[in-house]
Amino acid sequence: MRAQPAAFSECLELFSHAEEEEAYSRYLDLLLSVWSDGSALPGAPRAAEDAAEKIRQAPDGRRGHLALLLGLLTETGEPGLRRRVRAGLHHYLALLDTLRDEVPLGTALVYLLAHFPEDADRILPTARKAPLDPDDLARLERCLASFDPESPGIGRSWPSPARWVLSHAERDQERRWLATLGHEAKTAFWEKDTRTLLAYMGAKAACAVATGRVESEAPAEVDPVLLPDRAAAEMPQFNGHLDLMHCPACRGRLSRRATGVVCRDCAVGYPARQGYLDLSGEAVGTGDQIAGNSPLYLSWYEPLLRPAFLRVNGTNWNGAVSVADEDRYLAEHVRPVDGPLLDLGAGTGRWTQVLTRILGGERVVAFDLAATMAARLTKVVPDSLVVRGSGGGIPFADGSLGAVNCWNTVQSIDQPFATVREVGRCLGKGGTFTMLTYRKSHDPLYRYFQRQHEECLGVAAFDQKEMNEALDSAEMDVVDEYTPGTFLIVTAVRR
Ligand SMILES: C[S@@+](CC[C@H](N)C(=O)[O-])C[C@H]1O[C@@H](n2cnc3c(N)ncnc32)[C@H](O)[C@@H]1O
């Protein structure tokens, strides 16, 4: 528990003179004396004036902290605060003009300045001359731009407009998609893009001031998933797993029929579509978290969007967890007993392929709620059974699965703990449950930006203790926990 916040001026003094190793903790004291989780505290107006006035005199290595604080005060939305922070614009521009290689200051200034689109004409000429990371500059330009319904890029500027270099075909695809959107939908996309970009810039600046560095945002090195140019057969290949499955409505046994399967108890039929079995009971097109955004999201997910998501939610700005680390973790921890391995929330399938390489395609069942993903998975893992359904009601019998993997997914599921219970029910004794997800940051500043992303992207982060309790109640023992940054990477074994 933090003590009652001291006055801002006192905290500012302590922060400015703090030794390096104490600086961040003193900074949090300073920030939390006037700001709490996106809201301004009573001393904030005075603090905004002070910080705006004194930012240039702050010691080397401490100015970025103040720029971030000023951005946070502006973002509270209090008009009086905004006005006070804006009064210091000439100071921020002077700092930008003399910026050298101070990454924390550069990222924090960009985050601060991105809140003042009305000053774009003053800000951008200086920003374009400054030695900024091109991704930071592109985000700043986008946040300062005014809404243009004709603008390409609506719905796809995150994590950086500079990274979206489209082919001709993608441009056409985007044009066709934009033509289907009304003014209101475009405005909503534009506003959400701005908010998500600000949250991303803030998270990056928060990491930079806390650690003194952030790596450049090179796209992840993922081997491209090659999709065979052939239509899948309509009927899925069951690989002998149908006997282990049950009706998601009544848990009755399922029988094959010409167009899919039927429940032997309640007689509900479930269709086969493009090579996958659809047990979702939902219309095609519902609940598509990735492709439900811009249609380009599908092909840009693995190289661009997913790594950005890991950076923000996992605090992975300095690459603590690489794709190779993820692959290695799966190879070392997935240990199935008898029965198939279910890849729950398989998504675009790159990590499902890793599992098929370890266990063989026939042993793996690719499972996802989104029809787009299920259709794609039939091509990405052509030897595996692909099922569309929800983790909240896994259509497999008790103890029938050899292992379950849920990689970068449980945070996207509406009822994550119900899904964990379902995993425990379906896993055979001794089978592993491997999971990559995220912890709530204990740092109140970073947590604010992590939460902004959760709201914009519709995901969650977990309290580690609560997740462990959920695993325990689902009869699983945690045998390995790997928690760099704010990742929560766990292996649990069914008791
Ligand atoms: C962020 S993606 C993860 C994909 C992949 N496993 C990875 O590591 O990148 C999350 C996936 O979970 C799926 N999903 C969301 N809710 C689900 C649910 N209730 N049941 C099954 N899948 C779900 C989404 O459709 C999406 O494909």
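What you see is a predicted model; the values in this text were computed from it and never measured.

Novice: For this particular structure, what's the right way to read the overall build of the chain?
Specialist: Looking only at helices and strands, the chain features 18 helices and 13 strands. For the chain, whose C-alpha radius of gyration is 25 Å, the value lies close to the compact-globule estimate of 23 Å for 495 residues. Counting only C-alpha atoms and orienting by the principal axes, one finds that the chain spans roughly 75 × 50 × 35 Å. In the chain, which comprises 495 residues, the share counted as buried stands at 57%. Restricting the contact set of the chain to residue pairs at least 6 apart, pairs at least 24 apart contribute 71%. Averaging the locations of the 54 positively and 67 negatively charged side chains of the chain gives two centres separated by 3 Å.

Novice: Hey, could you run me through the packing of helix 7 (residues 103-113) against helix 9 (residues 134-144) in this one?
Specialist: Packed helices, taken two at a time, are described by their axes: the angle between them and the distance between them. Running from N to C, helix 7 and helix 9 point in directions that differ by 10°, and their axes come no closer than 9 Å. Relative to helix 9, the element helix 7 is oriented roughly parallel. Contacts from Thr 107, Val 110 and Leu 113 of helix 7 reach helix 9 at Asp 136, Leu 140 and Leu 144. For the contact of helix 7 with helix 9, the class distribution of residues is four nonpolar, one polar and one charged.

Novice: Can you walk me through the nonpolar core in this structure?
Specialist: If you look at soluble globular proteins, the nonpolar side chains tend to sit buried side by side. Counting residues in each nonpolar core, the largest one holds 106 residues, and the members touching the most others are Leu 68, Tyr 92, Leu 140 and Leu 445. When residues are assigned to domains, this core turns out to be shared by domain 1 (8-211) and domain 2 (242-494), each giving three or more. Excluding its chain neighbours within four sequence positions, the residues that come into contact with Leu 140 are Val 110, Leu 113, Ala 114, Ile 123, Leu 124, Ala 127 and Met 201. The next biggest cluster of nonpolar side chains, apart from the first, holds 38 residues, and it includes Val 387, Ile 394, Cys 406 and Met 467.

Novice: I'm lost on the sheet that holds strand 6 (residues 276-278) in this one. Help?
Specialist: Here eleven strands make up an open sheet; going across it, the order is 3-4-5-6-9-8-7-10-11-13-12 and the pairing mixed. Each edge of the open sheet carries a strand with a single partner, namely strand 3 (254-257) and strand 12 (476-482). Put simply, the sheet's adjacent strands are angled 25° from each other on average, direction ignored. Direction of pairing for strand 10 (residues 403-407) relative to strand 11 (residues 432-438): parallel, over a ladder of four bridges. Across the sheet, the residue bridging to Val 404 is Phe 433, located in strand 11. Lying on the sheet, helix 12 (residues 297-314) is in contact with strand 10, strand 11 and strand 13 (487-494); it crosses strand 11 at an angle near 80°.

Novice: Help me understand helix 3 (residues 44-54) in this model?
Specialist: Along an α-helix, a turn takes 3.6 residues, which lines up residues three or four apart on a common side. All of the buried residues along helix 3 are Ala 44, Ala 47, Ala 48, Asp 50, Ala 51 and Ala 52. As for helix 3, its buried residues are in contact with helix 1 (8-17), strand 2 (39-40), helix 4 (63-75), helix 5 (79-86) and helix 6 (89-97).

Novice: Where do I start with the pairing of strand 13 in this structure?
Specialist: Along any regular strand, the residues point their side chains to alternate faces of the sheet. The buried fraction of strand 13 amounts to seven of the eight residues, a majority that puts the element mostly inside the structure. Where strand 11 and strand 13 come together, seven bridges link them in antiparallel fashion. Looking at the pairing, Leu 436 lines up with Ile 489 of strand 13. In this antiparallel pair of consecutive strands, strand 12 and strand 13, the connection spans four residues, and Gly 485 shows a positive phi of 50°.

Novice: Teacher, can you tell me more about the site of the ligand here?
Specialist: In the vicinity of the ligand, 19 residues are found, and the nearest of them are Tyr 301, Arg 306, Gly 345, Asp 368 and Trp 407. The side chain of Tyr 301 places a nitrogen or oxygen atom 2.6 Å from an oxygen atom of the ligand. Residue Gly 345 places a main-chain N or O atom 2.8 Å away from a nitrogen atom belonging to the ligand. Protein contacts shield 96% of the accessible area of the ligand, which totals 600 Å² for the unbound molecule. In the shell around the ligand, the residues fall into eight nonpolar, nine polar and two charged.

Novice: Just to check I follow, could you spell out the domain arrangement of the chain for this structure?
Specialist: It is common to give the size of an interface as the accessible area that goes away when the parts come together. The assigned domain composition of the chain is domain 1 (8-211) and domain 2 (242-494). One C-alpha centre belongs to domain 1, the other to domain 2, and the line joining them spans 34 Å. Facing 36 residues of domain 1, the contacting portion of domain 2 comprises 27 residues. Interface of domain 1 and domain 2: buried area, both sides summed, is about 2,900 Å²; carbon and sulfur atoms make up 71% of it. If you sort the residues of domain 1 by the area they bury against domain 2, Trp 158, Trp 164 and Arg 195 come out on top, with a joint share of 20%. Our count for the contact surface shared by domain 1 and domain 2 stands at two salt bridges. Measuring nitrogen to oxygen at the nearest pair gives 2.7 Å for the salt bridge that ties Arg 195 to Glu 455.

Definitions and limits used
- Residues numbered from 1 in each chain as written.
- Predicted model: local features only at pLDDT ≥ 70, side-chain atom pairs only at ≥ 80, totals over all residues.
- Heavy atoms only, no water.
- Helix = DSSP H or I, 4+ residues; strand = E, 2+ residues; numbered from the N terminus.
- Rg over C-alpha atoms; globule rule 2.2 N^0.38 Å.
- Buried < 20%, exposed > 50% of the residue type's maximum accessible area, 1.4 Å probe, protein only.
- Contact = heavy atoms within 4.5 Å.
- Lys, Arg positive; Asp, Glu negative; His and termini not counted.
- Charge placed at Lys NZ, Arg CZ, Asp CG, Glu CD.
- Axes fitted to C-alpha atoms, helices over the stretch in contact; angles between N-to-C directions.
- Parallel < 35°, antiparallel > 145°, perpendicular 65-115°, else oblique.
- Nonpolar A, V, L, I, M, F, W, Y, C, P; charged D, E, K, R; others polar.
- Core = buried A, V, L, I, M, F, W, Y, C linked by side-chain atoms within 4.5 Å.
- Domains from an automatic or database assignment.
- Pairing = 2+ DSSP bridges.
- Near = heavy atom within 4 Å.
- Polar contact = N/O pair within 3.5 Å; in protein donor to acceptor, adjacent residues only side chain to side chain.
- Areas by Shrake-Rupley, 256 points an atom, 1.4 Å probe, with all protein chains shown as cover.
- Buried area = accessible area lost by both parts, 1.4 Å probe.
- Salt bridge = Lys/Arg side-chain N within 4 Å of Asp/Glu carboxyl O.

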